[in-house]
Amino acid sequence: MTSFAINMAWRETRAAWRHFLYFFICIALGVGALVGVGVFAANVERTVTREARALMGGDVEIRLSRRMSESGKSVLEGLAARKVDVTHVSELVAMASRAEREPDLHRNPSFNPTQIIELKAVEGGYPFYGVVRTTPKQPLHDLLAPIAEVCQGSLTPAPLTSDLSPKGRGSSAEGTCYGAVVQESLLIKMGLAVGDPLKIGQTVFTITGVIRQEPDRAATAFSLGPRVMISQTGLAAAELIKPGSRIRERYLLRLPPDIAVQPLIGELGGKLAGDSARVSSYREAQPQLRRFLEQLTRYLGLIGLTALFVGGIGVASTVHAFLKEKLKTIAILKTVGAGSGTIVRTYLFQALCLGFLGSLVGAALGLSLQGLMPRLLAGFVPPDLLEFTATRSAFSVLPFVKGLALGVATTLLFAVWPLLSIRDIRPALVFRTRVTPVPAESSGRPWWRDWRLLLADRVRLFTAASIAVGMATSAIWQAGSVNIGLVFIGALTAAVIILYLAAALLMTALKRAPSPRSLAVRHAMGNLYRPGSQAVSVMVSVGIGVMIIVTISLLEQALVNQIGESRPVDAPTFFFIDIQPDQRQAFQQLIQDRVGLRPEMTPLVRSRLHAVNGQPVTQNDEERSEREQERDKEGRGKSWYFTREYVLTFLDRLPKDNALTKGEWWFHGETLPHPLVSIEEEAAKNLGLDLGSMVEFDIQGTTLAAEVSSIRKVEWNNFSTNFYMILSPGALEGAPFTYVATVRVAHENEVPLQQAVVAAFPNVTAINIREVMESFSRILEHLSFAIRAVALFCMLAGAIVMAAALATSRYRRLYESVVFKALGATRNLIAGSFAVEYVLMGAVAGIIGVLLASALSWAVLHFFFDLTWTAQPGVLAVAFVLTVALTLLVGFLTTFRILGERPLAILRHE
């Protein structure tokens, strides 16, 4: 780069710095969104890595979906000789109820007498790493085995012992006292306080404290109920664990320094293969959190990239307008010998410098957003992890550099195209200003002739191809996935083309429409389609922002409606799980007596695949599944169907909303020579099963083989009990199954029924569908708020592009306004003309944006969620009105000073 180009770029920037302010802000907004999301994700990932042992609670975790076998326990007992510490953690869903020592006649009826909870039972030594913070600040084992005075006369406190030793099993002698620490939300919902009794299962616990921080709690936005933590001996006394009960068992290991982690994981994985145990190290702590953050930051980052690309439109618009003002300067430079290449490089260098500075400011803006990001994601990231991230966050180089690179690249991509018009400016222009048309203006040739000229210009063709490749590369880099990046850039390109065509058609229609009688309206319409108008680029930029935000709102509203008001009228109110076979008759009778209805009872057996078509599903397959899911986290990979746990049932009739696509259902009461199984169609496809295929199931160490007799299509959204695998009657004879029951009751009967079931069957868990749906709705609202907050950058970028377009034509508007004043027009007439112009642009951008949002939301719901799209006129109307209002406000703020200029000074300048 020569000194001439550098000096020229500096002189031009210094003379027109206000003109480039919009250029600067457009880039800064997009880069700010990218860096803000990227730095937060990097800080959380760094925190997860640094606090990995605390987030898991140990060096190694062994996880099972059922009780460990005696042989597995022997393996763990053998680790003591190698100085490996082991502690046992059990997690399950249960029901808690008030257990007043004396009837409380003044109890607030709004408090829940029963409450579904997420129960966690631990042993002494838990956790090996990290701290469970409680109020009062006492050791956890003291709170879970309180002193006798706290239990008000109980005989002895319950020790925290290991269930691997005989003395730890069934320590439930009458009079033993058990403590429990709970989340504060449980106290609020049930109207309890520390020191009050709480009944869980067959045992009454004393609430001894409130949980403030639980470092190893699995990160998930969805929770069925508040956390309650008890001891393993308390869990045994509660008698909640029955054959077939749903439970998650975790064994945490603390290793001495001389034992390597990975060899031990391989050893334990082989020895515990019969228990279908998953063995992982602390380096794999919080996989759900990692996966969620990766997906969320990817999509938030793509929205930020959209804001950057919208800002790129502003860059192109600003450069285009700047060149129109510099026609005489460029012509003079060519007259004195400067080549087109030199001038292009000069202005390109100027644009890149401004883009780099804008990217730096945007990156600083992104860093300043770190105080806001934890609030946006507070419902999805564990609070203690957010606290760690906030207090120990550090500067992240990669997101910072990535934001700078994408900002500069966007500047380059969108500035090159308008700069190519410099080649068309002739030196004679300096002598023929009044007769030579502006090169960038339309010469009246048909559009197809312009395209033929474009195809003949190799430089423009190469530039267009480079812009397309550059945008696709940026999207792929930001998304971290070729497929997602290409789909994103394809969808964005399609949206821009549709917006551009729609805006261009509108301009043509306005041009050919009969002139309105109102002077203000006629002048406003003329401003939209006159040569040099920036109306199309403004409408495209604002329309993209409207499309993204409205799409998010429509998707959220559609999902909320689907799970709420639009759910089937016959959907059940309750799911009752873990009903034992010997409780079936009594449970049915209780429901019959309370609500006059017989519940729908479905038997359940938990299993894993043992073999498919004679090919064993081994531990190696599971490891392969984990690697595959790391590569493809966008959905359920093929291996997910091989390694997941299957809930089996046996039914003699085809379930509701199930349709056979292949094969035949067995006849009611038919005697079958061997077990048959009906497979859901997606599972059959991924498992490679067809009619006549053989599937072998591992049911707690026992193998069961069944032949595929039919393939079904399942309606998963009908709020009924659905299954991937359904066996023929008699196939599961003797298996340790439980029942799940569904029942629909009136709203006023929900609490009494739940209370009666919990009192009669403490081991049965009642899941209220209405409460679950309300919780899910809140999650969707919170998530959509986080996404809309980032999408707001798109709208801001569109507003800045609009302000830039209006500012670039400021002198023309000023000249026209003073001419109108000289001819007798009032200030109100001129202001009204400008207002009509802004309203028209906002209306077009709003209409096209909401139409595209409707189409996009339909496509997402139809192809990804398999849900029915319904119109949301309220959302669309609000979006349209706000778009028009925003456009009018920005236009007014940009041009209101013009109205006060005096005609004489401007006309003398001319």
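So, a few notes on the structure that sits alongside this text. (Residues numbered from 1 in each chain as written. Predicted model: local features only at pLDDT ≥ 70, side-chain atom pairs only at ≥ 80, totals over all residues. Heavy atoms only, no water.)

## Overview of the pattern of salt bridges
For the structure shown, the criterion picks out 17 salt bridges. A salt bridge links Asp-85 to Arg-254; its shortest N-O distance comes to 3.0 Å. With a gap of 169 residues between them, Asp-85 in strand S2 (residues 85-98) and Arg-254 in strand S11 (residues 248-254) connect regions that are remote in the sequence. Here Arg-254 falls in the partly exposed class, since its relative accessible area comes to 31%. A network of salt bridges, in which partner residues are shared, links Glu-61, Arg-63, Glu-91, Lys-120, Glu-214, Arg-227, Arg-248 and Arg-250. (Salt bridge = Lys/Arg side-chain N within 4 Å of Asp/Glu carboxyl O. Helix = DSSP H or I, 4+ residues; strand = E, 2+ residues; numbered from the N terminus. Buried < 20%, exposed > 50% of the residue type's maximum accessible area, 1.4 Å probe, protein only.)

## Overview of the nonpolar core
Leu-305 and Tyr-347 are the most contacted members of the largest nonpolar core, which totals 89 residues. Setting aside its immediate chain neighbours within four residues, Leu-305 contacts Leu-34, Leu-406, Ser-474, Ala-475, Gln-478 and Phe-488. (Core = buried A, V, L, I, M, F, W, Y, C linked by side-chain atoms within 4.5 Å. Contact = heavy atoms within 4.5 Å.)

## Observations regarding the packing of helix H10 (residues 327-335) against helix H11 (residues 340-368)
For the pair H10 and H11, interaxial distance at closest approach is 10 Å and the crossing angle is 135°. What the angle tells us is that H10 and H11 run oblique. In this structure, H10 meets H11 at a crossing whose hand is right-handed. Only Ser-340, Ile-343 and Tyr-347 of H11 make contact with H10, whose side of the interface consists of Thr-329, Ile-330, Leu-333 and Lys-334. Residues belonging to the contact of H10 with H11 are distributed by class as follows: four nonpolar, two polar and one charged. (Axes fitted to C-alpha atoms, helices over the stretch in contact; angles between N-to-C directions. Parallel < 35°, antiparallel > 145°, perpendicular 65-115°, else oblique. Left-handed = near helix turned anticlockwise from the far one by under 90°. Nonpolar A, V, L, I, M, F, W, Y, C, P; charged D, E, K, R; others polar.)

## A few points about the pairing of strand S10 (residues 227-231)
For S10, the tally of buried residues reaches five of five residues, placing the bulk of the element in the interior. Side chains of S10 alternate between two faces, with Arg-227, Met-229 and Ser-231 and Val-228 and Ile-230 buried alike. Relative to S10, strand S3 (residues 114-122) runs parallel, the two sharing five bridges. Within S10, the position partnered with Glu-118 by the bridge is Arg-227. With two bridges connecting them, strand S7 (residues 179-182) and S10 associate as antiparallel partners. Note on S10: the bridge partner recorded for Val-182 is Val-228. (Pairing = 2+ DSSP bridges.)

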